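# Notes for the structure review
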Amino acid sequence: MIRKVAFGKAVLAGMAGAVAWELVIRLLLLAGVPIHDITHLLGTLAVGQGPAWQWWPVGLALHAMVGTIWAVFYAYFFWSTFDWPPPLQGLCFALFVPTPLAGLIMVPQMALIHPLVANGRLPDPGPFGASFGWAGPLGLVLGHGIYGLVMGTLYTRPVGYPVRRSNRQRRALHG
C-alpha cells in the first residue's frame, strides 16, 4: 500500500514540536529545575563550549532537524493507523517510539562522542538522563510528550480526508 504523506506539513509539525519542547524545557531550566537540556548537549557537541548565542541556535536547529525526521516517519508509518484523535496519536507515537530510543541509545551515545563530556566539563547524562536524578528522565519524557502533542495536533488531514474517517473508508477512497 502506498501512503500519501504531506511532507511540508510533517516538516512544519516536527519543527514546531521541537520548538515547543525547547520553550517548555528552557522555562523550566530558567526556573531552576535541573532538567536535561538536549539543546545544550547538541549545540556544544557541534560548536564546543561557549556563550549561549553560539551553541543555542545550533542545538535548536539540530533538534528541529531530528524533530522533522521523526515527524516524516510518523506521517508515513503511524498517522492514520489508529482511529484516535490526532494529538493522542502524536503523543503515543512520541512516547513509545522516539522516547525509548533517545533514552536508551541516543543520549548515552552522544555522551560517548561529546568532547566536553569526555574531558569532564559536562556531566555524562547516562541513559534517559538519569545522572541528573528524577529531573533527567522527566525532562526526556516531558519533552517528547510535548513534541508528540504538538506534532499530532498540527499534522492533520494531510491528504484531504477527515481524520475521523475509518481505515475501511480510507481504503475505499484510495484503493
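You'll find the structure just up there.
Computed from a prediction, not measured in an experiment: that's the story for all the values here.

Reading guide: rules and limits
Residues numbered from 1 in each chain as written. Predicted model: local features only at pLDDT ≥ 70, side-chain atom pairs only at ≥ 80, totals over all residues. Heavy atoms only, no water. Helix = DSSP H or I, 4+ residues; strand = E, 2+ residues; numbered from the N terminus. Contact = heavy atoms within 4.5 Å. Areas by Shrake-Rupley, 256 points an atom, 1.4 Å probe, with all protein chains shown as cover. Phe/Tyr/Trp six-rings, centres within 6.5 Å; stacked < 30°, edge-to-face > 60°. Buried < 20%, exposed > 50% of the residue type's maximum accessible area, 1.4 Å probe, protein only. Core = buried A, V, L, I, M, F, W, Y, C linked by side-chain atoms within 4.5 Å. Salt bridge = Lys/Arg side-chain N within 4 Å of Asp/Glu carboxyl O.

A few words now on the overall build of the chain. Within the chain one finds eight helices and zero strands. Ordering the α and β elements of the chain from the N terminus gives α-α-α-α-α-α-α-α. Taking contacts inside the chain between residues at least 6 apart in sequence as the whole, the part at least 24 apart equals 67%. When the accessible area of the chain is evaluated, it comes to approximately 9000 Å², of which 72% is carbon and sulfur surface.

In total, this model carries twelve aromatic pairs according to the counting rule given. Between Phe78 and Phe93 the ring centres are 5.3 Å apart and the planes differ by 55°, which places this aromatic pair in the tilted class. Residue Phe78 is found in the loop between α3 (52–77) and α4 (86–96), and its partner Phe93 is found in helix α4; the two are separated by 15 residues along the sequence. Across the pair, Phe93 and Phe78 agree in class, each one buried. Following the ring pairs from residue to residue traces out a cluster consisting of Trp70, Phe73, Tyr74, Tyr76, Phe77, Phe78, Trp79, Phe82, Trp84, Phe93 and Tyr155.

Right, let's talk about the nonpolar core for a bit. Ranked by internal contacts, the top residues of the largest apolar core, which has 26 residues, are Ile38, Tyr74, Tyr147, Met151 and Tyr155. Sorting the residues of this core by element identifies α1 (7–30), α2 (38–47), α3, α4, α5 (98–113), α6 (115–118) and α7 (135–154) as the ones contributing at least two each. With four residues, α1 is the single largest residue contributor to this core.

The next point concerns the environment of Gly143. By secondary structure assignment, the location of Gly143 is in helix α7. Taking the C-alpha atoms as reference points, Gly143 and Asp37, separated by 106 residues in sequence, lie 9.9 Å from one another. Those residues in contact with Gly143 that sit more than four places away from it in its chain are Trp21 and Leu138.

Turning to the environment of Leu12, a few remarks are in order. Along the chain, Leu12 turns up in helix α1. Along the primary structure Leu12 and Val72 are separated by 60 residues, whereas in three dimensions their C-alpha atoms are 10.0 Å apart.

Scanning the model with the defined rule gives two salt bridges in all. Salt-bridge contacts for Arg26 lead to Glu22; the nearest nitrogen and oxygen are separated by 2.7 Å. Here Glu22 and Arg26 lie together in helix α1, a separation of four residues that amounts to about one turn. Note that Asp37 is salt-bridged to Arg26, the shortest N-O span being 2.9 Å. Note that Asp37 is positioned in the loop between α1 and α2 and Arg26 in helix α1, a separation of eleven residues in sequence. Owing to a relative accessible area of 14%, Asp37 belongs among the buried residues under this scheme.

By themselves, these are just geometric observations and shouldn't be taken as functional.
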